[in-house]
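Chains, contacts and geometry: an overview
One-letter residues, chain by chain:
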Amino acid sequence: MVSRLGFIGIMRKADFAQARADMVEHQIARRGVREPLVLAAMARIPREAFVLPGWEEEAYEDQPLPIADRQTISQPYIVAYMIEAAGLRPGDRALEIGTGSGYGAAVMAAIAARVYTIERHAGLGETARQRLMELGFDNVDVRVGDGTLGWPEAQPFDAIIVTAGGPKVPTGLREQLAVGGRLIIPVGESLHRQSLVRVVREGLTDYREEDLADVAFVPLIGEAGWNATER
Ligand code: SAM
């Protein structure tokens, strides 16, 4: 027999699963994200496990939500859009700058072979590491530090996704792409409005750059980003 608490737990789990399926259909697929790998990953990862305690009911809303240190967990659609734009494939080695809650890294890890993710706020980084471990992700490495410098020991990467907006594409990140690798990054002169840019490394010294969409991300703070005092 299922206890009352157990029953509520089961109900909530079923509700979250339904909310997740609705999110994939209405917010993501219907807006044009078609890659089956991305849709399947978004349908698998329990977003309610990545939001602040008390915010679980809002986890599948069509918007970013607050997390600690005045940062945000990105809107589900933009997470899916960026991963599709990065052309993430099984077997890829991927780098994420801006771990935040760990949600984006989890979605990437459901597709790629290995995900490296860097967060500048120690508290966020440690919480995300613990959470990803408890959820059973053994193919994600979390580092606390300045992601604008990349993760030189783990390069080259097939895909790099930056989840905060900087004034320019950090040279160090471009150089850590494998040939054929894709970098997705919000870039703009304003602290809070950017253009989402895709950089493809076409050769040892050749890069192709294109604008994908107008976006609004939190600032990328670091040596090759904004100064901490500018935010
Ligand atoms: N991917 C995250 C998620 O799924 O929750 C969303 C992250 S939030 C939109 C952007 C994150 O980038 C923030 O947590 C912020 O602290 C982090 N950040 C900003 N500048 C950074 C830097 N230079 N290195 C690493 N993380 C940085």
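Below is a short write-up of the structure. (Residues numbered from 1 in each chain as written. Predicted model: local features only at pLDDT ≥ 70, side-chain atom pairs only at ≥ 80, totals over all residues. Heavy atoms only, no water.)

As for the overall build of the protein chain
Applied cut-off: Under the DSSP-based scheme used, a helix requires at least four consecutive residues in state H or I and a strand at least two consecutive residues in state E, with every element numbered from the N terminus. It is over C-alpha atoms that the radius of gyration is taken, and the globule rule equals 2.2 Å times the number of residues to the power 0.38. Type-normalised accessible area, obtained with a 1.4 Å probe on protein chains alone, sets the label of each residue: buried when under 20%, exposed when over 50%, and partly exposed for intermediate values. Note on definitions: a residue-residue contact is assigned when non-hydrogen atoms from the two residues lie within 4.5 Å. Only the protein chains shown count as cover for residues, and all accessible areas are computed by the Shrake-Rupley method using a 1.4 Å probe.
Within the protein chain one finds six helices and nine strands. The globule rule puts the C-alpha radius of gyration for 231 residues at 17 Å, and the 17 Å found for the protein chain is close to it. Taken along the three principal axes of its C-alpha coordinates, the protein chain extends 65 × 40 × 30 Å. Residues classed as buried in the protein chain amount to 48% of the 231 residues present. Nonlocal contacts in the protein chain, meaning residues at least 24 apart in sequence, comprise 56% of its contacts between residues at least 6 apart. Of the roughly 10900 Å² of accessible surface on the protein chain, a fraction of 52% belongs to carbon and sulfur atoms.

Some thoughts on the environment of Asn227
By secondary structure assignment, the location of Asn227 is in the segment after strand E9 (207-215). Assessed through its relative accessible area of 43%, Asn227 is described here as partly exposed. As for Asn227 and Val169, which are separated by 58 residues in sequence, their C-alpha atoms are 15 Å apart.

Some remarks on the sheet that holds strand E4 (residues 114-119)
To keep it simple, the criterion reads: Here, any two strands with at least 2 DSSP bridges between them count as paired. Angular values range over 0 to 180 degrees, each being the angle between N-to-C directions of two axes fitted as lines to C-alpha atoms, with helices fitted over their stretch in contact.
The strand order E5-E4-E3-E6-E7-E8-E9 describes an open sheet built from seven strands, whose pairing is mixed. Either end of the sheet is taken by a strand with one partner, and the two such strands are strand E5 (140-144) and E9. Each neighbouring strand pair of the sheet contributes to a mean axis angle of 15°, computed without reference to strand direction. Seen against the sheet, helix H3 (residues 76-85) touches strand E6 (157-162), strand E7 (177-187), strand E8 (194-201) and E9 and runs at an angle of roughly 165° to E9.

With respect to the site of the ligand
Quick reminder of the rule: We define proximity as follows: a residue is near a molecule or strand when any one of its heavy atoms falls within 4 Å of that partner. N or O atoms within 3.5 Å of each other form a polar contact, as long as, within protein, one can give a hydrogen and the other can take it, and as long as residues adjacent in sequence are counted only when both atoms are side-chain atoms. Each residue is assigned to one class: nonpolar for Ala, Val, Leu, Ile, Met, Phe, Trp, Tyr, Cys and Pro, charged for Asp, Glu, Lys and Arg, and polar for all the others, Gly among them.
Around the ligand sit 27 residues in total, of which Ser101, Gly104, Glu119, Gly147 and Ile221 are the nearest. Here a nitrogen atom of the ligand and a side-chain polar atom of Glu96 are 3.0 Å apart. Ser101 is positioned with one of its side-chain polar atoms (N or O) 2.6 Å from an oxygen atom of the ligand. In isolation the ligand has 610 Å² of accessible area, and contact with the protein removes 99% of it. Grouping the amino acids of the shell around the ligand by side-chain chemistry returns ten nonpolar, 13 polar and four charged.

Here we look at the packing of aromatic side chains
Which entries qualify depends on this criterion: Any Phe, Tyr or Trp ring, taking Trp's six-membered ring, that has another such ring centre within 6.5 Å forms a pair; planes under 30 degrees apart are called stacked, those over 60 apart edge-to-face, and the others tilted. By the criterion adopted, a ring carries a charge over it if an Arg CZ or a Lys NZ lies within 6 Å of its centre and within 35 degrees of its normal.
A full pass over the atoms with the stated rule returns five aromatic pairs. Judged by centre distance (5.8 Å) and plane angle (65°), the ring pair of Tyr116 and Phe157 falls under edge-to-face. Here the residue Tyr116 occupies a position in strand E4, and Phe157 occupies one in strand E6, the gap between them amounting to 41 residues. An aromatic cluster is defined as three or more aromatic residues linked by ring pairs; in this entry it consists of Tyr116, Trp151 and Phe157. Here the guanidinium or amino end of Arg31 rests over the ring plane of Tyr77, the centre of that ring lying 5.1 Å away. A cation sits over an aromatic face here: Arg47 above Tyr103, 4.9 Å from the ring centre.

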